[in-house]
Amino acid sequence: MRLFALFLALGLAFGQSLPAQVFGLAFREEGGAWVYEGSGKRFVYVPGVGWAEPLGDWPAPEGERLPLEVLKALGYFQVPEVGVRFGNQGRAFRLVLDLPTPSPHAPKEGTGRGSARLLLPYLAPQALEVPWPQGLSASVRLLPEGTELTLSAPGKLLRYRLFSLENPPRLVLDLYPLAPEAEEALAPGVRYREVWAFTPEPLRLYLVEAERGRLLPVGTPGRRALPKDLAPGALAVLNGGYFDPKTATPIGLWVQDGVTVAYPFGRAALMWDDFAFFLGLPRFEAVVAGPKWERVRVGVNASRARYTAHTVPGPVGREGEEVALVREDRVVALLPAPAELPPGAWALTFPKGAPPFPLALGDRLSLYGRLDPPFRYALEGGPLLLQEGRYAFDPAKENFKDPRPLLAVAPQAAVAWTKEGRLWLLVSEPTTPGVLARALLALGAWNALRMDGGGSAQLWVKGALRSPYAGNPRPVVSALALFAP
């Protein structure tokens, strides 16, 4: 935090006067006297004579203007006086009151449409001269019970957060003048929304919410395109799962109309029939059929077994294993592990000298798989963000060997739904998946799954890009396309 570490030199010296209304007092002239009244108090000054109520030899007022020090001497204020500092904290404007003792007040937060009113339970005259940032203004009153701020940010959504800190004791007010939320109907039961979630920092989300519709995984393994071009005519298209950047090979489960397009990679997936959705690590049964149609169950990718099928390009197999490379259902090479799996091929690994059945170059070898229970559609992403209303982000439970990308601040993409069954396709401004999970939980999401993020995160609505952080949108291999009911 960069916070100006010096008090405002306001020059509120003894005798300097401020309008009576700043103190919550009304001013009137009555029988040649000046009367100041409010908050159960009454002060009377007779020009040329002096203070009549209460009696005393204090500096004279200037019509409707009263000396601050007079009211302090008269015991008008019932709270201690504090100093004020200010500065910027991220997208917030921060006001800090330096307290004589720790604050007993509970944290407070809220959101208003362009305005808010707050009472800081301390006398803070320096707040009168705070240079509020452009677009945010404040009216300050010094009342017996504290300093009242009436805040205004026309055309904005004004978020505030008031909380205390210790060592040394401080009361902190963070103010966020935010762009307003937005909403646009796309079709019956489908709308586009721009909303804020608070974790407690504000996070803007761009989402399509659907009560009904048809959701389809779209794309072609080995080919990349912008999501909007993968599903012309869709109401909305969200980028899909992971892929190998060199070969455009999808990484993770992909089931299209009951047909397995790509095999699991050990991460959570979205699985669905019609408009009923499920999240979790898929239970997938894979079988390899041999030259004489012998069959053996195998593990797939990260779910290793004695016999394991590999479908993602890169090194496969471990020391002490052999690798059968397969193209177009024919064994094209038998190699010691580890071996490099090229694009367009798959591989079967097995203990050295112990294949599941005799294998030779040119033999037929076929890979089959199915979900258990079967789903018509599935697309793997990960990590899981929310599950049944609970925070579930834990990459260690999924096959993420390098967690660093999940700790980076970047645009995120996710699919989620509420307990009532409203589907969300969404992207966020740059953040981390863990923060996104908390934001979605705060908004009422019941389940949520991260899809590919960073440069791939993009949401298209009726052919227009609605995620402003995509920059030059990246072509992807798969996407989730929502069509009208």
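Along each chain, residues carry numbers from 1 onward, in the same order as the chain's sequence is written. Side-chain atom pairs in this predicted model are given and counted only at pLDDT of 80 or more, local residue features only at pLDDT of at least 70, and totals for whole chains, interfaces and linings cover all residues. Calculation of side-chain values draws on the structure's entire complement of heavy atoms; hydrogens and water are dropped beforehand.

Undergrad: Looking at this structure, how should I read the pattern of salt bridges?
TA: Between side chains of opposite charge, a pair can form when the charged atoms approach closely. Should a side-chain nitrogen of Lys or Arg be within 4 Å of a carboxyl oxygen of Asp or Glu, the pair is scored as a salt bridge. Taken as a whole, this structure holds 28 salt bridges when the rule is applied. Note that Glu-183 and Arg-191 form a salt bridge whose closest N and O atoms lie 2.8 Å from each other. When its relative accessible area of 55% is taken as the criterion, Glu-183 is described as exposed. Here Arg-191 falls in the partly exposed class, since its relative accessible area comes to 25%. When accessible area is computed with a 1.4 Å probe and restricted to protein chains, residues below 20% of their type maximum are described as buried, those above 50% as exposed, and intermediate ones as partly exposed.

Undergrad: Please explain the sheet that holds strand E6 (residues 50-53) as it appears in this structure.
TA: Strand pairing in a sheet relies on backbone hydrogen bonds. The paired strands run either parallel or antiparallel. Strand order across the open sheet formed by 5 strands is E3-E4-E5-E6-E7, with antiparallel pairing between neighbours. The outermost strands of the open sheet, each flanked by one partner alone, are strand E3 (26-30) and strand E7 (55-56). Judged from the 5 bridges that link them, strand E4 (residues 33-38) and strand E5 (residues 41-46) form a sheet pairing that is antiparallel. Opposite Glu-37, over in E5, you have Arg-42 as the bridge partner. The rule for pairing is simple: two strands pair if DSSP sees at least two bridges between them. Numbering of helices and strands starts at the N terminus; helices are DSSP runs of H or I of at least 4 residues and strands are runs of E of at least 2.

Undergrad: Any chance you could explain the packing of aromatic side chains here in plain terms?
TA: For any pair of aromatic rings, the description consists of the separation of the ring centres together with the inter-plane angle of the planes. By convention, a stacked pair of Phe, Tyr or Trp rings (six-membered ring in the case of Trp) has centres within 6.5 Å and planes under 30 degrees apart, an edge-to-face pair has planes over 60 apart, and any other such pair is tilted. Overall, the coordinates contain 17 aromatic pairs when judged by the stated rule. Measuring from ring centre to ring centre gives 5.9 Å for Phe-43 and Tyr-76, while their planes differ by 70 degrees; the resulting arrangement is edge-to-face. Taken together, the residues span a long stretch of sequence, with Phe-43 in strand E5 and Tyr-76 in the loop between helix H1 (68-73) and strand E9 (83-89) at a distance of 33 residues. This pair shows no difference in class: Phe-43 is buried, exactly as Tyr-76 is. An angle of 85 degrees between the planes, with centres 5.6 Å apart, marks the rings of Tyr-263 and Phe-284 as edge-to-face. Highlighted residues: Tyr-263 in the loop between strand E25 (259-262) and strand E26 (269-273) and Phe-284 in strand E28 (residues 284-289), separated in sequence by 21 residues. In terms of burial, Tyr-263 and Phe-284 fall into one category: buried. Through a chain of ring-to-ring contacts, three or more aromatic side chains come together here, namely Phe-27, Trp-34, Tyr-36, Tyr-45 and Trp-51. The ring of Tyr-368 has Arg-295 lying over it, and the distance from NZ or CZ to the ring centre is 5.4 Å. Against the face of Tyr-391 rests Arg-438, its NZ or CZ located 4.0 Å from the ring centre. Here, a charge over a ring means that NZ of Lys or CZ of Arg falls within 6 Å of the ring centre while also lying within 35 degrees of the ring normal.

Undergrad: Just checking my understanding: could you explain the nonpolar core for this structure?
TA: The tendency in soluble globular proteins is for nonpolar side chains to be buried side by side. Among the nonpolar cores identified, the biggest contains 49 residues, and Val-208, Leu-215 and Leu-270 are the most heavily contacted of them. Sort the elements by how many residues they give to this core and strand E45 (residues 478-483) lands first, with 5 residues. By the convention used here, residues are in contact when the closest approach between their heavy atoms is within 4.5 Å. Those residues in contact with Val-208 that sit more than four places away from it in its chain are Leu-186, Val-190, Arg-191, Tyr-192, Ala-236, Leu-423, Trp-424, Leu-425, Leu-459, Val-461 and Leu-482. The definition of a nonpolar core used throughout is a set of buried Ala, Val, Leu, Ile, Met, Phe, Trp, Tyr and Cys residues joined through side-chain atoms within 4.5 Å. Ranked by size, the runner-up nonpolar core spans 45 residues in total, among them Leu-123, Val-130, Leu-136 and Leu-158.

Undergrad: What is the right way to look at the layout of surface pockets in this model?
TA: One simple way to see leftover space: roll a probe sized like a water molecule over the atoms. The definitions used throughout rest on a 1 Å grid laid over the protein atoms alone, on which a cavity is an enclosed set of points accommodating a 1.4 Å probe that cannot get out and a pocket is an open set flanked by protein within 12 Å on both sides along at least five of seven lines; lining residues are those having an atom within 4 Å of a point. Grid points are joined across faces, edges and corners, and a volume is the space filled by probe spheres set on the points. Here the largest pocket is characterised by a volume of approximately 910 Å³. Surrounding the largest pocket, 33 residues form its lining, Ile-251, Phe-265, Arg-267, Asn-399 and Lys-401 being those nearest its centre. Elements that contribute at least two residues to the lining of the largest pocket include exactly strand E22 (242-243) and strand E31 (314-316). Within the lining of the largest pocket, the residues separate by chemical class into 14 nonpolar, 10 polar and 9 charged. Empty space within the second largest pocket amounts to approximately 420 Å³. Surrounding the second largest pocket, 22 residues form its lining, Val-261, Thr-311, Gly-344, Ala-345 and Trp-346 being those nearest its centre. Within the residue set of the lining of the second largest pocket, elements represented by two or more residues are E25, strand E32 (321-327) and strand E36 (366-371). In terms of residues, the lining of the second largest pocket owes the most to one element, E36, which gives 3 residues. Each residue is assigned to one class: nonpolar for Ala, Val, Leu, Ile, Met, Phe, Trp, Tyr, Cys and Pro, charged for Asp, Glu, Lys and Arg, and polar for all the others, Gly among them.

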